[in-house]
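# Descriptive analysis of the structure
What follows is each chain in one-letter form.
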Amino acid sequence: MTVPSGRRERKKAETRQKIAETALRLFPERGYEAVGIRDVAAEADAAVTTLFSHFASKEALIFEQDDDFEQRLTQAATDRPPHEPLIPALRREVQALVRHCTAGGAAPIWRMIDASPELREYEESMRLRHAESLATAVAADLDLSRTTTACRAIARFVIDAYSLAREADDPQAAVDEIFQMIEAAWEATCPSAGSRG
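Residues numbered from 1 in each chain as written. Predicted model: local features only at pLDDT ≥ 70, side-chain atom pairs only at ≥ 80, totals over all residues. Heavy atoms only, no water.

## A short note on the overall build of the protein
Regarding its fold elements, the protein presents 10 helices and 0 strands. Along the protein, from the amino end to the carboxyl end, the secondary structure elements read α-α-α-α-α-α-α-α-α-α. Counting only C-alpha atoms, the protein reaches 60 × 40 × 25 Å along its principal axes. Long-range contacts, defined as pairs at least 24 residues apart, comprise 71% of the intrachain contacts of the protein with a sequence gap of at least 6. Roughly 10,700 Å² of accessible area belongs to the protein as shown, and the carbon and sulfur atoms make up 52% of that amount. For the protein, the centre of its 25 positive side-chain charges and the centre of its 33 negative side-chain charges are spaced 5 Å apart. (Helix = DSSP H or I, 4+ residues; strand = E, 2+ residues; numbered from the N terminus. Contact = heavy atoms within 4.5 Å. Areas by Shrake-Rupley, 256 points an atom, 1.4 Å probe, with all protein chains shown as cover. Lys, Arg positive; Asp, Glu negative; His and termini not counted. Charge placed at Lys NZ, Arg CZ, Asp CG, Glu CD.)

Right, here's the structure in full:
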């Protein structure tokens with residue numbers, strides 16, 4: 001996550017973090033449906049309007065690192081060194097995200113998400129948005145020379161790799177296995193050998 005520089009930005013980031021941590025503690029403890037926005041705000045010692053200035057919805061509290069994850073994925077594509085192929089760069093970032101989301105203490109959150117149609121729907125719309133952002137970043141790299149369809153498809157595969165891996169018994173092995181298939185699919189779309197992609 002980007003570290004804010006000024007005092008005001010740091011204070012806002014601290015408030016946001018406190019609200020998110022409170023929500024991620026209360027929801028598994030009491031149940032997602034049983035905890036309201038007012039409960040989270042009161043427990044975090046914040047006004048409801050302050051909560052909504054940081055989070056657009058109750059669901060967004062669960063996926064509080066949504067924007068950061070999206071940015072990390074697009075930056076893995078756009079900020080890689082000039083001669084580094086795309087797929088290994090994306091693989092490293094997905095491995096890091098999977099490590100983060102399968103770390104100790106994450107299981108109750110994922111069980112809660114899996115049990116809630118509302119949260120699953122929110123997660124799916126978030127994944128589609130991440131995939132579109134990643135596809136746009138990949139398509140903007142003229143050195144890759146792939147069709148829009150190929151860029152969109154590979155972005156979807158990458159986003160799905162994250163979801164599939166976090167559900168696997170061995171998440172890191174799953175990332176490796178899935179990315180072997182992604183690499184093969186990406187290579188199959190290569191218009192000519194020797195491209196940067």
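## Things to note about the confidence of the model for the protein
Of all residues in the protein, 94% attain a pLDDT of 70 or more, and the chain-wide mean is 90. Summarising per-element confidence for the protein, the mean pLDDT is lowest in helix 7 (residues 107-115) (87) and highest in helix 2 (residues 37-43) (96). (pLDDT = per-residue confidence, 0-100.)

## Some words on the nonpolar core
With 55 residues, the main nonpolar core has Phe27, Val40, Leu61, Ile62 and Phe179 as its most contacted residues. The element best represented in this core is helix 9 (residues 148-167), accounting for 8 residues. Setting aside residues no more than four positions away along its own chain, valine 40 makes contact with Ile19, Thr22, Ala23, Leu26, Phe27, Val35, Leu51 and Leu61. (Core = buried A, V, L, I, M, F, W, Y, C linked by side-chain atoms within 4.5 Å. Buried < 20%, exposed > 50% of the residue type's maximum accessible area, 1.4 Å probe, protein only.)

## A look at the state of the cysteines
The bond known as a disulfide is covalent and runs between the sulfur atoms of two cysteines. All chains considered together, the criterion is met by 0 disulfides. Residue cysteine 151 stays outside any disulfide, its sulfur separated by 12 Å from that of cysteine 190, the closest cysteine. Under the relative-accessibility criterion, cysteine 190 is labelled buried at 19%. (Disulfide = S-S within 2.5 Å.)

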